[in-house]
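# Geometric and topological summary
Chain by chain, the residues:
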Amino acid sequence: MTKILIIYTGGTIGMMTDPKTKALKPINFEQIMDNVPELERLNCQIEVRSFDQIIDSSNMNPEIWAELATIIEKYYDRVDGFVILHGSDTMAFTASALSFMLENLAKPVIFTGSQLPISAIRTDAKENLMTAIEITSSIKEGRALVPEVGIYFDYKLFRGNRAFKYNSSKFEAFRSPNYPVLVESGVHLRFSENYIRKPIDAPFKVHKNLANDIAVLKLYPGISSKVVDTILNSDVRGIVMETFGAGNTTTDAWFIDALKNAIDNGKVILDISQCKVGTVELGRYETSKQLKDMGVANGYDMTYEAAITKMMYLLGQEQDPQKVTRLLEQDLRGELTWY
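All of these numbers come straight from a predicted model, not from anything done at the bench. (Residues numbered from 1 in each chain as written. Predicted model: local features only at pLDDT ≥ 70, side-chain atom pairs only at ≥ 80, totals over all residues. Heavy atoms only, no water.)

Here we come to the overall build of the chain. Helix and strand counts for the chain stand at 9 helices and 20 strands. Its C-alpha atoms give the chain a radius of gyration of 21 Å, within 12% of the compact-globule value 20 Å for 339 residues. The principal-axis extent of the C-alpha atoms belonging to the chain is close to 65 × 50 × 35 Å. For the chain, restricting intrachain contacts to residue pairs at least 6 apart in sequence, the fraction spanning at least 24 positions comes to 73%. Entry remark: accessible area of the chain is about 15800 Å², with carbon and sulfur atoms responsible for 47%. Once the 37 positive and 43 negative side-chain charges of the chain are each reduced to a mean point, those two points are 2 Å apart. (Helix = DSSP H or I, 4+ residues; strand = E, 2+ residues; numbered from the N terminus. Rg over C-alpha atoms; globule rule 2.2 N^0.38 Å. Contact = heavy atoms within 4.5 Å. Areas by Shrake-Rupley, 256 points an atom, 1.4 Å probe, with all protein chains shown as cover. Lys, Arg positive; Asp, Glu negative; His and termini not counted. Charge placed at Lys NZ, Arg CZ, Asp CG, Glu CD.)

And the structure:
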């Protein structure tokens with residue numbers, strides 16, 4: 001019998017309507033269990049760790065990510081996998097962050113939640129929770145079938161650092177356009193084993209030091225030098241730059257000079273596309289060749305969530321901006337595809 005640890009952080013899945021105020025309020029995990037008696041029929045042993053203070057995922061931060069990593073580190077040798085109940089709004093950020101923090105992971109860490117509270121009549125919470133546990137407990141030849149960080153929602157399991165929330169009003173809340181679905185739930189669970197990461201034979205390591213002194217520069221036609229200078233000259237070490245199409249920016253001299261000065265002053269700049277599908281190709285067009293030449297990091301097809309958390313992770317491990325730039329362009333946890 002497999003052993004699964006459920007970590008309950010909060011989110012809509014653990015909400016219930018107050019009969020007086022009609023507002024949603026958090027409930028404890030015992031009340032969640034009361035709404036899913038089918039859990040007792042699963043062929044696994046379930047242990048639960050609830051956060052002392054149930055949180056809304058909008059309040060998620062690196063300190064809480066470190067707390068989650070600490071719990072996983074503590075239980076890693078005692079259980080076969082982890083299911084994390086989490087609010088959907090920042091779930092992709094947390095899943096991406098943990099994918100980098102948990103090095104040489106060989107067990108499932110599956111995030112799930114819901115769009116409706118578990119007590120609602122038409123809730124998606126029961127299916128999401130039940131199937132997330134079933135996927136986490138799935139073993140083949142003594143090994144976990146999904147030994148990586150994933151997000152399970154609406155009959156699909158996505159790689160955690162490849163998914164993002166795109167819809168707040170449908171059960172199909174997440175998408176992963178640049179990487180295939182890992183598991184699809186129907187009459188049977190269909191595992192796409194060719195797309196699931198294979199663990200390497202190396203000791204499990206947990207990294208808890210994240211640097212959040214980063215900024216975001218999102219480009220738009222007509223952006224002013226005042227706005228750009230304010231961001232590039234701010235007291236940060238890293239900047240995620242959301243560009244057009246395949247990584248293109250304006251070629252105005254003032255903009256190119258501002259980027260070059262920031263890099264010369266030790267800042268790391270990562271180029272990701274505002275497009276949800278496709279990849280950054282620095283140097284393909286004249287509008288991005290100068291970026292490549294000056295040392296802007298190519299973000300390829302990383303999601304915004306993966307780019308932010310990867311930058312936090314690397315800046316927390318390394319002081320040399322050139323080394324951070326090189327590592328940003330490397331596939332560390334399946335977060336990007338080289339083309």
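Glancing now at the domain arrangement of the chain. Annotation of the chain at the domain level lists domain 1 (2–206) and domain 2 (214–329). Inter-centroid distance (C-alpha atoms) of domain 1 to domain 2 is 31 Å. On the domain 2 side, the residues contacting the 13 residues of domain 1 number 13 residues. With both sides pooled, the region where domain 1 packs onto domain 2 buries about 1200 Å², and carbon together with sulfur makes up 67% of that total. Counting the surface domain 1 buries against domain 2, the share from its top three residues, Phe93, Phe100 and Asn178, is 47%. In this assembly, domain 1 and domain 2 are joined by 1 salt bridge. (Domains from an automatic or database assignment. Buried area = accessible area lost by both parts, 1.4 Å probe. Salt bridge = Lys/Arg side-chain N within 4 Å of Asp/Glu carboxyl O.)

Our focus in this paragraph is the pattern of salt bridges. For the structure on display, the rule yields 12 salt bridges. The shortest N-O distance in the salt bridge between arginine 175 and glutamate 172 comes to 3.7 Å. Its relative accessible area of 30% is what places glutamate 172 among the partly exposed residues. A salt bridge links glutamate 184 to arginine 190; the nearest nitrogen and oxygen atoms lie 2.7 Å apart. (Buried < 20%, exposed > 50% of the residue type's maximum accessible area, 1.4 Å probe, protein only.)

In the numbering used here, UniProt assigns the feature "domain: Asparaginase/glutaminase C-terminal" (unreviewed entry) to residues 214–327. In residues 214–327, the share of helix is 44% and the share of strand is 17%. The end C-alpha atoms are 16 Å apart. (UniProt positions renumbered as here; feature names shortened; annotations may be inferred.)

Taking strand neighbours across the sheet as the criterion, the 4 strands line up as S17-S18-S19-S20 in an open arrangement whose pairing is parallel. Whereas interior strands pair on both sides, the edge strands pair on one side only; in this sheet they are strand S17 (214–218) and strand S20 (297–298). Strands in contact with helix H6 (residues 253–264) are S17, strand S18 (238–243) and strand S19 (268–273); relative to S19, the strand with the most contacts, it is inclined by about 130°. (Pairing = 2+ DSSP bridges. Axes fitted to C-alpha atoms, helices over the stretch in contact; angles between N-to-C directions.)

So, about helix H8 (residues 304–317). Along its 14 residues, H8 runs 20 Å from first to last C-alpha, staying within 8% of the 20 Å computed at 1.5 Å per residue. Counting buried residues in H8 gives 12 out of 14 residues, a clear majority hidden from the surface. Listed in full, the buried residues belonging to H8 are Glu305, Ala306, Ala307, Ile308, Thr309, Lys310, Met311, Met312, Tyr313, Leu314, Leu315 and Gly316. (Expected span 1.5 Å × (residues − 1).)

Within the element layout of this structure, threonine 251 appears in the loop between S18 and H6. Sequence-wise, threonine 251 and serine 288 are 37 residues apart; in three dimensions their C-alpha atoms are separated by 8.2 Å. What threonine 251 contacts, discounting residues up to four positions off in sequence, is Ile256, Glu286, Thr287 and Gln290.

To continue, consider the packing of aromatic side chains. Given two aromatic rings, one states the distance between the centres and the angle between the planes to describe the pair. The tally for this structure, following the rule as stated, stands at 6 aromatic pairs. A ring pair is formed by phenylalanine 153 and phenylalanine 174, whose centres lie 5.1 Å apart and whose planes are at 55°; its orientation type is tilted. Pair noted here: phenylalanine 153 is in strand S10 (residues 149–153) and phenylalanine 174 is in strand S13 (residues 174–175), with a separation of 21 residues, a long-range link. Residue phenylalanine 153 is classed as buried on the basis of its relative accessible area, which comes to 1%. The exposure class of phenylalanine 174 is buried, given its relative accessible area of 2%. With a centroid separation of 6.0 Å and 80° between ring planes, the pair formed by tyrosine 179 and tyrosine 195 is classed as edge-to-face. With tyrosine 179 in the loop between S13 and strand S14 (183–185) and tyrosine 195 in the loop between strand S15 (189–191) and strand S16 (205–206), this residue pair connects regions lying 16 residues apart in the sequence. A relative accessible area of 16% means that tyrosine 179 is categorised as buried. Cation over ring: arginine 78 sits above tyrosine 75, and NZ or CZ is 4.3 Å from the ring centre. Above the face of the tyrosine 76 ring, lysine 107 is positioned so that its terminal group lies 4.7 Å from the ring centre. (Phe/Tyr/Trp six-rings, centres within 6.5 Å; stacked < 30°, edge-to-face > 60°. Lys NZ or Arg CZ within 6 Å of the ring centre and 35° of its normal.)

Quick look at helix H2 (residues 62–75) now. Between its first and last C-alpha, H2 extends 20 Å over 14 residues, near the 20 Å set by a 1.5 Å rise per residue. Restricting attention to buried positions, one finds in H2 the residues Pro62, Ile64, Trp65, Ala66, Leu68, Ala69, Ile71, Ile72 and Tyr75. The N-capping residue of H2, defined by a side-chain oxygen 2.9 Å from the backbone nitrogen of glutamate 63, is asparagine 61. (Polar contact = N/O pair within 3.5 Å; in protein donor to acceptor, adjacent residues only side chain to side chain.)

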